[in-house]
Amino acid sequence: GQEYAAGPGTCPLMPAEPRQAWQLEDALEACCPSWGPKDVAQAELKLAKVGIYTVPGLARVLRGKSGLNRRFQDAGLKTFSPSTLSALREQLAGLDLPTSPALEAWTVEDTLYAACPKWGEEDVTNAVAKLRQVGVDSAVDLAKVLRRRSDVNKQLQDAGLKAFHQSTLSALREHLATLDVPANTAWTLEEALWTACPKWGEEDVAAALRKLALVGVDSVATLAKELRGKSGLNKRLQDEGLKAFSQPTLSGLRALLAKLEAAAGGTAGEGAAEAAAEGTVLPGADALAGVGVPRQAAGP
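The structure displayed is predicted, hence computed values, not measured ones.

Caption draft 1: Up close: the overall build of the protein chain. Broken down by element type, the protein chain carries 16 helices and zero strands. Excluding contacts between residues fewer than 6 apart, the proportion of contacts in the protein chain whose partners are at least 24 apart in sequence is 66%. Of the roughly 14,700 Å² of accessible surface on the protein chain, a fraction of 52% belongs to carbon and sulfur atoms.

So this is what it looks like as structure tokens:
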């Protein structure tokens, strides 16, 4: 029945094991260093009485501002102090999320929590609900609509719903860029530019598409061919009196195309990049949407 305090909200005594390997005892000892063995045992027992037996289970309940203490109150148990809750939230954030890099392992809810860690339960619930109203029911769906800068917000606005802030869209793209995406749709040149150059704006992408068209690059496949040489694309642009791409832009595009080529069979020959770019799924192929693509300077 004792109310526990956890100091200033930090965990100076960290277990040697990585957080993913923590047991409840490890988490409580790390976040509440002033507690003795009896305090930790009592806290574990109290958590068990409200159905919490694992660190991921505790992390999920801690997402809400009052979820854990509400459970205690409903069970007639004494609540944790605010400092204890803060320390636990700080150290356990994200431990209930999937560890798999496969996009199919993630839900929209998981993706929102990972990309927007300061959001509360209500924020995430509202976002999930409005995304469902525009047909975004999975993380795979979300990745697809985010491959174009304005698609998801346009769909929301057309449905009379509030658009996401640009910082939210950026955070979602950044998180999704760490996950593997199935090669189930063809990539357009515009999508490749958005993915490889995430800091570009609408005008930057439009300008890049126009000048690429002037040198005969109108698809991801033709872009892949031009980028095989170190200076081939820029030389063609300069020969036409057009501004060359910066080296960070070329690096970002090459990184994306390398991912697509590897996903389409890697060493399957010169046609691999084109097959991936056009959405052709080779045996065992998985296309990646911007995984590991460097951040680019704005503008083409």
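Caption draft 2: Local environment of the packing of helix 1 (residues 24-31) against helix 5 (residues 82-92). Where helix 1 meets helix 5, the axes come as close as 9 Å, and the angle between the chain directions of the two elements is 120°. Taken together, helix 1 and helix 5 sit at an angle that is classed as oblique. Crossing handedness for the pair helix 1 and helix 5: right-handed. Across the interface between the two elements, Ala27, Leu28 and Cys31 of helix 1 pack against Ala87, Leu88, Gln91 and Leu92 of helix 5. Across the contact of helix 1 with helix 5, the residue classes break down as six nonpolar, one polar and no charged.

Caption draft 3: Region of the structure containing the side chain of asparagine 153. With respect to the helices, strands and loops of the structure, asparagine 153 is situated in helix 9 (residues 151-158). Accessibility expressed as a relative area gives 8% for asparagine 153, which makes it buried.

Caption draft 4: Local environment of the environment of arginine 148. As for its placement among the helices and strands, arginine 148 is situated in the loop between helix 8 (139-145) and helix 9. Non-local contacts of arginine 148, meaning those with residues more than four positions away in its chain, are made with Arg173, Thr188, Glu190, Glu191 and Trp194.

Caption draft 5: Broad picture of the pattern of salt bridges. A full pass over the atoms with the stated rule returns four salt bridges. When the shortest N-O distance is used, the salt bridge between aspartate 239 and lysine 235 registers 3.2 Å. Of this pair, aspartate 239 and lysine 235 both sit in helix 14 (residues 232-239), separated by four residues, roughly a single helical turn. Judged by relative accessible area, aspartate 239 falls into the exposed class, the value being 55%.

The rules behind the values
Residues numbered from 1 in each chain as written. Predicted model: local features only at pLDDT ≥ 70, side-chain atom pairs only at ≥ 80, totals over all residues. Heavy atoms only, no water. Helix = DSSP H or I, 4+ residues; strand = E, 2+ residues; numbered from the N terminus. Contact = heavy atoms within 4.5 Å. Areas by Shrake-Rupley, 256 points an atom, 1.4 Å probe, with all protein chains shown as cover. Axes fitted to C-alpha atoms, helices over the stretch in contact; angles between N-to-C directions. Parallel < 35°, antiparallel > 145°, perpendicular 65-115°, else oblique. Left-handed = near helix turned anticlockwise from the far one by under 90°. Nonpolar A, V, L, I, M, F, W, Y, C, P; charged D, E, K, R; others polar. Buried < 20%, exposed > 50% of the residue type's maximum accessible area, 1.4 Å probe, protein only. Salt bridge = Lys/Arg side-chain N within 4 Å of Asp/Glu carboxyl O.

By themselves, these observations are geometric and do not establish any function.
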